[in-house]
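Examining the three-dimensional arrangement
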Amino acid sequence: MTNDKWADVCNELQSAIGKNNFKSWIEPIEFDRIDARIARFRVPTNFFGTWVSQKFGDVILRHLHGAGLAVDRLEFLVQSAPQTPNAPQTPAVEAPVQSAPDLSAAISADADIPLSNLNPAYTFENFIVGKPNELAHAAARRVAEGGPVAFNPLFLYGGVGLGKTHLMHAIAWELTKNKPNQRIHYLSAEQFMYRFVRALREKDTIGFKQMFRSVDVLMVDDVQFIAGKNSTQEEFFHTFNALVELGKQIIISGDRAPVDMEDLDSRIASRLQCGLVVDLHPTDYELRLGILQSKLETQRQRYRDLKIADGVLEFIAHRVSSNVRVLEGALTRLCAFADLVGAEITLDLTQECLSDILRATSRKVTMDEIIKKTCDYYKVRPADLMSPNRARNIVRPRQMAMYLCKKYTTRSLPEIGRKFGGRDHTTILHGVRKIEELMSTDSQFVEDAELLRRLLEA
Ligand code: ADP
Ligand code: MG
């Protein structure tokens, strides 16, 4: 973009936000350039940039789009000199950068402009709620209302890909709506560390402290990252205490409960434990199906001719692991593939296209596990299942176990037969068919099979 074009955008902006706002906030910023779909501006101070980003980021973006410019986000940098174009594209800086000369620029680009860190798709609207995440969701909603600090901190934890980051971004988006004047600062624990290290190197720990203690809401994602990193933990502890004392809201996420983080300073652990600690459980079948249905709608916007056979989403929800990121990835790939080859998404196509994912995530259930769980469930003994006993209260559990072996293991009918006291493969087939038949007429069997499936998944 030329400076002329920016001048045009400025004219538009002035009428959009009013002369006063324009004079105070837009005039002092200097357009630098657009690079990799990022519009870069120079600002007098970090605080200035933060403010402009929070208050006017959206409207600036809109007007840049209006002028026909392809821009995904804005970056405000304090440097006055033109920069090298290697600021990170995404908020998560993966590898620890030791001494890259413009690390400071990269960091300020990310961390000083809190909202440029947020993924626009991670909103509450896009978050599907089910049993495994309903508590975490409710707590996040409450905090996002921005009322009096209800629980401090809110600590969200759970395994990878279960929606911690999504929920945190959703809180931040919602808060910017509900409390537009609050300073919200979202960053990963990793970024917290980078910034701290930089402050140490630049002998500006005072600035660092001021920066962090002046926010209204501090959100630190993946706190497990600083466990064991002692001086960073120490600083985090002080920041944390200072903010709590000031009555500011703190929201933290981690991959496990504070008490289970081995290298986490015990003072921090007990502090984290003081607020509300909620976990995101691994997804269950219903939640996965709900997520797939919602993501399919999004895919339909991209691929308008998408055709998908009945039962495919159910199959994926059933077979792909609890990690939502993997689940999403599976659907994305499937839709792209189907579009490419111009075919309907059938079960066969799904199995072919996702074979690696299906292989990797299907937990290996053994026949022994099935027999044990089935016996526990029906209160019979494994020896009964192996025996020739034809009493009804034994026959049904035995057939159910056969059915589950057929369905959830890759064992052949003769192999299953050998396991069940040396029965013939036709007997196994009969048992499997019997259960299928009963399931189609008696919901009790559907329920039993579903419960057993969950027990086996756990
Ligand atoms: P975490 O931070 O716990 O590792 P993320 O928040 O990054 O997980 O979630 C991984 C992906 O799964 C993201 O794309 C996110 O949007 C999606 N996701 C997770 N949970 C849900 C949900 N309940 N509804 C919709 N999308 C979800
Ligand atoms: Mg995350």
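Going by the structure above, here's the rest.
From a predicted model like this one, the values you see are computed outputs, not experimental measurements.

Here we come to the overall build of the protein. What the protein contains, in helices and strands, is 21 helices and eight strands. Looking at the protein as a whole, 49% of its 458 residues are labelled buried. Excluding contacts between residues fewer than 6 apart, the proportion of contacts in the protein whose partners are at least 24 apart in sequence is 72%.

Once that is clear, we can look at the pattern of salt bridges. Opposite charge on two side chains allows them to pair when their charged atoms are near. All told, the structure shown has 26 salt bridges when counted by the stated rule. Between Lys177 and Glu174 there is a salt bridge whose closest N-O contact spans 3.5 Å. Of this pair, Lys177 and Glu174 are both found in helix α6 (residues 164-178), three residues apart, which corresponds to roughly one turn of the helix. A cluster of three or more residues bridged by salt bridges with shared partners is formed by Glu30, Asp32, Arg33, Asp35, Arg40, Arg42, Arg73 and Glu75.

Its 17 residues give helix α18 (residues 392-408) an end-to-end C-alpha distance of 24 Å, which sits within 8% of 24 Å, the value for a rise of 1.5 Å per residue. For α18, a buried count of 12 out of 17 residues is recorded, marking the element as mostly surrounded by other parts of the structure. Along α18, the residues that are buried comprise Ile394, Val395, Arg396, Pro397, Arg398, Gln399, Met400, Ala401, Met402, Tyr403, Leu404 and Cys405. At its buried positions, α18 is contacted by α16 (367-378), α17 (382-386), α19 (413-419), α20 (425-441) and α21 (443-457).

This next bit is on helix α1 (residues 3-17). The terminal C-alpha atoms of α1, which comprises 15 residues, lie 20 Å apart, in line with the 21 Å expected from a rise of 1.5 Å per residue. Along α1, the residues classified as buried are Trp6, Val9, Cys10, Leu13 and Ile17. Taken end-on, α1 shows its buried residues confined to a sector of 115 degrees, consistent with a single buried face. Within α1, the exposed residues directed more than 90 degrees away from the buried face are Asp4, Asp8, Asn11 and Ser15.

What follows deals with the packing of aromatic side chains. Throughout the structure, instances matching the rule amount to 12 aromatic pairs. With a centroid separation of 6.0 Å and an interplanar angle of 25 degrees, the aromatic rings of Trp6 and Phe31 are classed as stacked. Here Phe31 lies in strand β1 (residues 30-35) and Trp6 lies in helix α1, a separation of 25 residues in the sequence. Overall, Phe31 belongs to the buried group, its relative accessible area being 5%. Through a chain of ring-to-ring contacts, the aromatic side chains of Phe192, Phe196, Phe208, Phe212, Phe236 and Phe240 assemble into a single cluster. A cation over a ring is seen here: Arg141 above Phe124, with NZ or CZ 4.3 Å from the ring centre.

Around ligand 1, the surrounding shell holds 18 residues, and the nearest of these are Ile128, Gly161, His166, Arg325 and Glu328. Between Gly161 and ligand 1, the recorded distance is 2.7 Å, taken from a backbone N or O atom to an oxygen atom. In the complex, the protein chains occlude 95% of the 560 Å² of accessible area that ligand 1 would expose alone. Residue assignment for the shell around ligand 1 shows that the elements contributing at least two residues are α6, α11 (285-302) and α13 (324-341). Split by residue class, the shell around ligand 1 holds seven nonpolar, seven polar and four charged. Both domains that furnish three or more residues to the shell around ligand 1 are identified here as domain 2 (115-279) and domain 3 (285-360).

This paragraph deals with the sheet that holds strand β4 (residues 154-158). Spatially, β5-β6-β7-β4-β8 is the arrangement adopted by the five strands of the open sheet, whose pairing is parallel. Each edge of the sheet is formed by a strand with only one pairing partner; in this case those strands are β5 (184-188) and β8 (276-280). Along the sheet, successive strands turn relative to each other by an average axial angle of 15 degrees, direction set aside. Where helix α7 (residues 189-201) meets the sheet, it contacts β5 and β6 (217-221), and its direction lies at approximately 95 degrees from that of β5.

For the rest of this paragraph, the subject is the packing of α16 against α21. The contact between α16 and α21 brings their axes to 10 Å, and the two run at 125 degrees. With respect to α21, the axis of α16 lies oblique. With respect to the hand of their crossing, α16 and α21 are arranged in right-handed fashion. Contacts between α16 and α21 involve Glu369, Ile370, Lys373, Thr374, Tyr377 and Tyr378 from the first element and Asp448, Leu451, Leu452, Leu455 and Leu456 from the second. Split by residue class, the contact of α16 with α21 holds seven nonpolar, one polar and three charged.

Read across the sheet, three strands follow the order β1-β2-β3 without closing on themselves; strand pairing throughout is mixed. Sheet topology places β1 and β3 (73-77) at the edges, where each strand pairs with a single neighbour. With strand direction ignored, the average angle separating the axes of adjacent strands in the sheet is 25 degrees. Where β1 meets strand β2 (residues 38-42), five bridges bridge the pair, whose relative direction is antiparallel. Across the sheet, the residue bridging to Ile34 is Ala39, located in β2.

About the thresholds
- Residues numbered from 1 in each chain as written.
- Chains lettered and ligands numbered in written order.
- Predicted model: local features only at pLDDT ≥ 70, side-chain atom pairs only at ≥ 80, totals over all residues.
- Heavy atoms only, no water.
- Helix = DSSP H or I, 4+ residues; strand = E, 2+ residues; numbered from the N terminus.
- Buried < 20%, exposed > 50% of the residue type's maximum accessible area, 1.4 Å probe, protein only.
- Contact = heavy atoms within 4.5 Å.
- Salt bridge = Lys/Arg side-chain N within 4 Å of Asp/Glu carboxyl O.
- Expected span 1.5 Å × (residues − 1).
- Arc of directions from axis to C-beta.
- Phe/Tyr/Trp six-rings, centres within 6.5 Å; stacked < 30°, edge-to-face > 60°.
- Lys NZ or Arg CZ within 6 Å of the ring centre and 35° of its normal.
- Near = heavy atom within 4 Å.
- Polar contact = N/O pair within 3.5 Å; in protein donor to acceptor, adjacent residues only side chain to side chain.
- Areas by Shrake-Rupley, 256 points an atom, 1.4 Å probe, with all protein chains shown as cover.
- Nonpolar A, V, L, I, M, F, W, Y, C, P; charged D, E, K, R; others polar.
- Domains from an automatic or database assignment.
- Pairing = 2+ DSSP bridges.
- Axes fitted to C-alpha atoms, helices over the stretch in contact; angles between N-to-C directions.
- Parallel < 35°, antiparallel > 145°, perpendicular 65-115°, else oblique.
- Left-handed = near helix turned anticlockwise from the far one by under 90°.

Taken by themselves, the reported measurements are silent on function.
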